[in-house]
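# Report on the structure
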Amino acid sequence: MTSTRRGLLIILSSPSGAGKSTLARRLRAWDPEIAFSVSATTRSPRPGEEDGREYHFLSEAAFKAQVSQDGMLEHAHVFGNFYGSPKAPVAAAIDQGRDVLFDIDWQGAQQITNSSLGAHTMSIFLLPPSICALRDRLESRGQDDAATIARRMEKSWDEISHWGAYDFVLVNDDLDETEAQLKTIISATRLRRSQQPGLTDHVRGLQTEFEELS
Ligand code: ADP
Ligand code: 5GP
């Protein structure tokens, strides 16, 4: 097969605590060629988070400067802080034929889907099995104080209400099963005609061969 692959933009959204980061980690262990879009944010780092690894932690002034220089693919105000996906690393990865994984909210998903990159984007929404399970997961993650958890729970319905705008929707009940489903839909979407720019040349070769043999 001669076709080269075009990188796919894989968007994961869900209410906070439904399992995006956990599944993103598993996907990158499955295929280390998947690049992770490290977002910029004005929120403070949580214990264990490293600048440049989970997020680029920026001041509000630095964030706004990057937006005004057209440096963000998308950006939004979430839970009282600014979040955005820096453009340059995404363009570099896509040029190399690598997929890029985004852990972003519905506003960012909408902006990317409606952009010129929309044709090369797949969007996935994760639903929790129940609201009680969502709260238990936020509590057991042990990274946020009670007030932050309450704020995230309050906002969870707002995020869930956008589930209908996504290409794929998975209920993240059993983690292994959700991981398997994610791998299946990503593998299938990589085979979309629009992701295989080398197909035209391949079919041309088939035609030449066909004509020579007939
Ligand atoms: P998000 O990135 O969407 O905020 P996380 O990936 O941090 O969510 O998950 C929140 C917590 O729930 C973590 O402690 C994680 O280990 C746990 N978790 C994720 N998926 C499941 C699942 N299917 N079953 C049980 N616990 C889960
Ligand atoms: P957290 O603070 O828990 O890491 O993330 C809070 C929310 O912000 C999550 O819903 C996450 O998906 C979203 N988010 C993280 N990075 C970005 C980003 O770059 N853009 C947008 N639009 N949302 C983001």
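Scope of this entry: the structure provided in the associated data block. All of these numbers come straight from a predicted model, not from anything done at the bench.

### Overview of the packing of helix H1 (residues 20-30) against helix H7 (residues 175-189)
Contact pair H1 / H7: the axes reach a minimum separation of 10 Å and the direction vectors enclose 55°. Judged by the angle between their axes, H1 and H7 are oblique. Crossing angle aside, the handedness with which H1 passes H7 is right-handed. From H1, Thr22, Leu23, Arg26, Leu27 and Trp30 reach across to H7, where they touch Leu175, Asp176, Thr178, Glu179, Leu182, Lys183, Ile186 and Ser187. Its residues placed into classes, the contact of H1 with H7 shows 6 nonpolar, 3 polar and 4 charged.

### Structural notes on the site of ligand 2
As a structural note, the neighbourhood of ligand 2 is formed by 17 residues, with Ser39, Arg43, Tyr55, Tyr83 and Arg152 the closest of them. Contacts to ligand 2 include Asp103, whose side-chain N or O atom sits 2.8 Å from an oxygen atom. One nitrogen or oxygen atom from the side chain of Asp105 is found 2.8 Å from a nitrogen atom belonging to ligand 2. Out of a free accessible area of 510 Å², ligand 2 has 95% covered by protein chains. When its residues are assigned to classes, the shell around ligand 2 shows 6 nonpolar, 4 polar and 7 charged.

### Re the pattern of salt bridges
Within this structure, the stated rule accounts for 16 salt bridges. When the shortest N-O distance is used, the salt bridge between Asp144 and Arg46 registers 3.2 Å. Here Asp144 is found in the loop between helix H5 (131-141) and helix H6 (146-160), whereas its partner Arg46 is found in the loop between strand S3 (39-41) and strand S4 (55-57), with 98 residues between them in sequence. You'll find Asp144 and Arg46 in the same group, each marked buried. Connected via shared salt-bridge partners are Arg43, Arg46, Glu49, Arg141 and Asp144.

Definitions and cut-offs
- Residues numbered from 1 in each chain as written.
- Chains lettered and ligands numbered in written order.
- Predicted model: local features only at pLDDT ≥ 70, side-chain atom pairs only at ≥ 80, totals over all residues.
- Heavy atoms only, no water.
- Axes fitted to C-alpha atoms, helices over the stretch in contact; angles between N-to-C directions.
- Helix = DSSP H or I, 4+ residues; strand = E, 2+ residues; numbered from the N terminus.
- Parallel < 35°, antiparallel > 145°, perpendicular 65-115°, else oblique.
- Left-handed = near helix turned anticlockwise from the far one by under 90°.
- Contact = heavy atoms within 4.5 Å.
- Nonpolar A, V, L, I, M, F, W, Y, C, P; charged D, E, K, R; others polar.
- Near = heavy atom within 4 Å.
- Polar contact = N/O pair within 3.5 Å; in protein donor to acceptor, adjacent residues only side chain to side chain.
- Areas by Shrake-Rupley, 256 points an atom, 1.4 Å probe, with all protein chains shown as cover.
- Salt bridge = Lys/Arg side-chain N within 4 Å of Asp/Glu carboxyl O.
- Buried < 20%, exposed > 50% of the residue type's maximum accessible area, 1.4 Å probe, protein only.

Coordinates in, geometry out; function isn't part of it.
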